[in-house]
Amino acid sequence: MTRIRSLGAALLLAVLGTAAGADTLRLDARAAPPAPQTGHLQLGAARSPQGGTLAANSQYLLLDGRPWLPVMGEYHYSRAPAAQWETQLRLMKASGLDVVASYVFWNHHQAQPGAFDWRGNRDLRRFVQLAQAAGLKVVVRLGPWVHGEARYGGLPDWVVDKLPTRGNDPEYLGHVEALYAEIGAQLRGLLWKDGGPVIGVQLENEYNLRGAGRGEAHIRALKALALQAGLDVPLYTVTGWDGAVYPSGEVLPVFGGYPDEPWATSTKELPPKETHAFRFDTRVSGDLGAQTRAHAPGTAETDKDRVPFLGAEYGPGLPAMYRRRTLVSPDDIAAMLPVQLGSGVNLFGYYMFHGGRNPVGPGGAGLEESTLSGGYNDTPRISYDFQAPLGPDGQQRPVLARLRPFHYFLNEYGARLATLAVRQPERTPATSADLRTPRWSVRSHGDSGFLFFNNHVRQHALPAQAGVRFELRLPGGTLTLPSRPVDIPTGAYFIWPFNADLDGVALRHATAQPVTRVDAGAQGLVHVFMATAGIPAEFALDGGVRTLTPGAALHRIGSRGGRAVSVLLLAPEQAAQLSVLELAGQRRLVFSEQQAWVADGRLQLRGIGPQPLRASVFPALPQPRAAGLQVRQDGLLQRLEIAAAGEGAGPALQVRPVRAARDAPPVRRGGLAGAAVQPVPEAFAAAATWALQLPEPLAPDAEDLLLELDFVGDIGRLFAGTRMLDDWYYNGQRWQIGLKQFALPPGQRLELAVLPLRADAPVYIDAAHRPAFAAGQAQVAMLREARLLAVRRASIAP
């Protein structure tokens, strides 16, 4: 692990003048941060049989006694085919994740009173075992109420029909006791104390209910039931937003934030979200869509100095909701990371990191949240895509390329970052709607730390910040950086280090973002940085200031023990292709436009379409081998390529119109939100339909076959006969469905139904994707393109 620490003011503090006309941004970081509080948290078994420990103090988590700042991502096992779990968990690990989290949806396991179903896609035990094999730790979100855009928040119908829920009603707690006992049996031998990967459980979700048998008393009762079921784990968590209440000291609150609000009722663009603004006095980031409303401040507001700032629901995408169909950009998501980390987050957890699909309930009933069953929101019956970095069928989304460099940064530097105090600048935005005042912070201890900056807000252009320098008052003196004023472009966001030790080489500051460190053997110790687009990459070293050019070249900055210490500076486009993988006994950099991960000790590559599978590796693999593999050395990088699979864009798909659209009924307003509600089932009689004839055979040599649909309308549904395979709310995003999971017979005919979108529908669609209705045009239902995309995979021995 690279050390980032103070090396003494005499060596590292640059006291530099400020150029005339420059905008100097000032911050005082001289105050000593308070020491962490210990011994006041009543959590669970912290020691594993191997002697490993996992604990928490008031500021951060500790793994084996060292500060730990993990990356966590949500992946719902019961919303995914069991056959895909192993590969997807390994993809999550390759993306820089340390922990996978999942809800246990009670109504997925006990549709009727009596027996529980833990088979197939509901096999929690196997999912956790596969996570452990992939090198991931696990947090199980027990519920019983979880929300998760599920029918009744995951509670079974038979419970909701009969009992008061979400409180200490004895009959309700009796059923919860049975649920927790079942979960405990599934996880027996897999808890941290047993040498397993389960390090934590979450109790309930978005719980802000007060009164007799509720509030702290209910969370305390749930914790007691979890312990009774054998679920003795290092960490017990609850969600801390929207006025949540919980027994202080017995659980840890977790937080989150989203760049938009699909659960809102507005049909317009929203004001700037708090998620893109640094926070110095609260951990709660705006409205996260809780189903109940708080009427008083929650426990988290008074607990702030007693518990670490942990995140579990920072949205790397957004759910599909009928009345508000937001489509976020990669920058909308990635810009949250420097903001949240710079605000003090010490566990970065995503919801959802992997998309999924709802199972179908008894008799084909939907298990989604819907106004038809009293829900606040309407969501698709099956699709739970979430615009996640990994799609429901494992597709790599563009946002993942923006996120991975931050994950690798946390993997490498998180132990140091976790201990650093948040420092507030002299001048900060008055509100999240203030778009002119620069948005930045510092986390530091002593004279070293990191500077965080964000100049991106979803749907609101921030002005470029001209002639910027930062003046940091540190215990050892004042550090001013960079050496000359720089213009920070609109949309930029970054993390820059100051007073860092790069294997004995003193780095006063850099205007580039640290990513990772690689021991490259004879080529020395290599520190990988990512350039900030539009800003010269300046490295201030003992020998002076050097401006480096991004590319695949090593820049030597010193030596340690006779070995070279170098910087590899990546352009943002190169960093977007980077995976940091353990291969052939050492950490390596793998650059590929396609998915790259490790299974069975081999490099796995997977791509969509007929193009060659390519990767570049540093340091080079000793003897890479695979059928059809071509290997060559190109300067620093070892190039690997497996030729394209034949000609053409993919298997042929025959498309034929079947029924023209009829007049769709008006979209009603109503429900708990008093806003647009999803059309009733009978409305789909107005849908336009197309027959999609699949080829025979169905791409036997491909790992999967994606059906990609580009339609414009209100709601799309895909059928095989009378079985609905998937559905989709139109939002401008192309809809992809992996077909092999359905085990369709050769030559299967599918049918696509598209309900027309009315011109007067009171729903929000981003301006770039809202259909332009001609004068007098009342509705639209059209299929712009349908195609099949083969998914290829190669396995390369190192």
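Here, the structure is the one placed above.
Undergrad: Could you give me a rundown of the overall build of the chain, with the residues and numbers involved?
TA: In terms of helices and strands, the chain carries twelve helices and 48 strands. Taking 28 Å as the expected radius of gyration for a compact globule of 798 residues, we find that the chain reaches 26 Å, a close match to that expectation. When its C-alpha atoms are laid out on the principal axes, the chain stretches across 75 × 70 × 60 Å. Counting every position in the chain, which comprises 798 residues, the buried fraction comes to 63%. In the structure as shown, the chain presents an accessible area of about 28,000 Å², 50% of it carried by carbon and sulfur atoms. Averaging the positions of the 79 positive and the 72 negative side-chain charges in the chain gives two centres separated by 3 Å.

Undergrad: Go over the side chain of Asp710, please, and point to the residues and values.
TA: Following the sequence through the fold, Asp710 ends up in strand S40 (residues 704–712). Polar side-chain contacts of Asp710 include one of 3.3 Å to the side chain of Arg734. Excluding its chain neighbours within four sequence positions, the residues that come into contact with Asp710 are Arg734, Leu783, Arg784 and Glu785.

Undergrad: Summarise the nonpolar core; cite the residues concerned and give the values.
TA: In this structure, Leu89, Tyr180 and Ile183 are the most contacted members of the largest nonpolar core, which totals 126 residues. If you tally residues by element for this core, the top one is helix H11 (residues 398–417), at eight residues. The contact partners of Tyr180, leaving out residues within four places of it in the chain, are Leu142, Gly143, Pro144, Leu203, Leu222, Leu225, Ala226, Ala229 and Leu231. Listed in part, the 43 residues of the second largest apolar core include Leu692, Leu750, Ala786 and Leu788.

Undergrad: An account of unusual backbone geometry is needed here, citing residue identities and associated values.
TA: A cis amide bond, omega 20°, links Gly143 with the succeeding residue Pro144. Secondary-structure assignment places Pro144 in the loop between strand S7 (137–143) and helix H5 (157–162). For the peptide bond that leads from Leu481 to Pro482, omega is -10°, which places it in the cis range. As for its position among the elements, Pro482 is in strand S20 (residues 477–488). Positive phi, normally seen in glycine, also occurs at Glu204, with a value near 55°. Assignment of secondary structure puts Glu204 in the loop between strand S8 (198–203) and helix H7 (215–228). Judged by relative accessible area, Glu204 falls into the buried class, the value being 1%. Although it is not a glycine, Glu206 adopts a positive phi angle of roughly 50°.

Undergrad: Please set out the pattern of salt bridges residue by residue, giving values where relevant.
TA: In total, this model carries 42 salt bridges according to the counting rule given. For the salt bridge of Arg357 with Asp726, the shortest nitrogen-to-oxygen distance reads 3.0 Å. One end of the pair, Arg357, is in strand S14 (residues 356–357); the other, Asp726, is in strand S42 (residues 723–729), and 369 residues separate them in sequence. The class for Asp726 is buried, based on a relative accessible area of 2%. Via salt bridges that share partners, Glu708, Asp710, Arg734, Arg784, Glu785 and Arg787 belong to a single interconnected network.

Undergrad: Please provide a residue-by-residue account of empty space enclosed by the protein, values included.
TA: Under the defined criterion, the tally for this structure stands at eight cavities of 30 Å³ or more. Within this model, the largest cavity holds a volume of roughly 140 Å³. Those elements giving two or more residues to the lining of the largest cavity turn out to be strand S5 (71–74), strand S6 (99–103), S7, S8, strand S9 (235–239) and strand S11 (310–314). For the lining of the largest cavity, the element with the most residues is S8, which contributes four residues.

Undergrad: A description of the pairing of strand S27 (residues 554–560) should follow, citing residues and the corresponding values.
TA: The pairing of S27 with strand S28 (residues 563–570) spans six bridges and is classified as antiparallel. Bridging across to S28, Gly558 finds its partner in Val565. Linking S27 back to S28 in an antiparallel pair, the connection comprises two residues, with Gly561 at a positive phi of about 55°.

Undergrad: An account of the packing of aromatic side chains is needed here, citing residue identities and associated values.
TA: Within the structure shown, the criterion is met by 29 aromatic pairs. With 5.5 Å between their ring centres and 40° between their planes, Tyr77 and Phe127 make a pair best called tilted. Taken together, the residues span a long stretch of sequence, with Tyr77 in the loop between S5 and helix H2 (85–94) and Phe127 in helix H4 (residues 124–133) at a distance of 50 residues. You can call Tyr77 buried: its relative accessible area is 0%. Judged by its relative accessible area of 1%, Phe127 is buried.

Undergrad: Give me the lowdown on the environment of Arg517, citing residues and values where you can.
TA: You can see Arg517 is positioned in strand S23 (residues 512–519). Residue classification places Arg517 among the buried residues on the basis of a relative accessible area of 19%. Along the primary structure Arg517 and Leu403 are separated by 114 residues, whereas in three dimensions their C-alpha atoms are 17 Å apart. Among the polar contacts made by the side chain of Arg517, one reaches the side chain of Asp503 at a distance of 2.7 Å.

Undergrad: Could you give me a rundown of the sheet that holds strand S22 (residues 505–510), with the residues and numbers involved?
TA: Spatially, S16-S17-S18-S21-S22-S25-S26 is the arrangement adopted by the seven strands of the open sheet, whose pairing is antiparallel. Either end of the sheet is taken by a strand with one partner, and the two such strands are strand S16 (421–423) and strand S26 (544–548). Along the sheet, successive strands turn relative to each other by an average axial angle of 25°, direction set aside. As judged from the six bridges shared by strand S18 (residues 448–454) and strand S21 (residues 493–502), these two strands associate in the antiparallel manner. When the bridges of S21 are listed, Phe450 appears paired with Pro497. Its contacts with the sheet put H11 on strand S17 (439–445), S18 and S21, and the angle it makes with S18 is roughly 150°.

Analysis parameters
- Residues numbered from 1 in each chain as written.
- Predicted model: local features only at pLDDT ≥ 70, side-chain atom pairs only at ≥ 80, totals over all residues.
- Heavy atoms only, no water.
- Helix = DSSP H or I, 4+ residues; strand = E, 2+ residues; numbered from the N terminus.
- Rg over C-alpha atoms; globule rule 2.2 N^0.38 Å.
- Buried < 20%, exposed > 50% of the residue type's maximum accessible area, 1.4 Å probe, protein only.
- Areas by Shrake-Rupley, 256 points an atom, 1.4 Å probe, with all protein chains shown as cover.
- Lys, Arg positive; Asp, Glu negative; His and termini not counted.
- Charge placed at Lys NZ, Arg CZ, Asp CG, Glu CD.
- Polar contact = N/O pair within 3.5 Å; in protein donor to acceptor, adjacent residues only side chain to side chain.
- Contact = heavy atoms within 4.5 Å.
- Core = buried A, V, L, I, M, F, W, Y, C linked by side-chain atoms within 4.5 Å.
- Salt bridge = Lys/Arg side-chain N within 4 Å of Asp/Glu carboxyl O.
- 1 Å grid on protein atoms, 1.4 Å probe; cavity = no way out; pocket = protein on both sides within 12 Å on 5 of 7 lines; lining within 4 Å.
- Points joined across faces, edges and corners; volume = space filled by probe spheres on them.
- Pairing = 2+ DSSP bridges.
- Phe/Tyr/Trp six-rings, centres within 6.5 Å; stacked < 30°, edge-to-face > 60°.
- Axes fitted to C-alpha atoms, helices over the stretch in contact; angles between N-to-C directions.

All we've got here are geometric facts, nothing functional implied.
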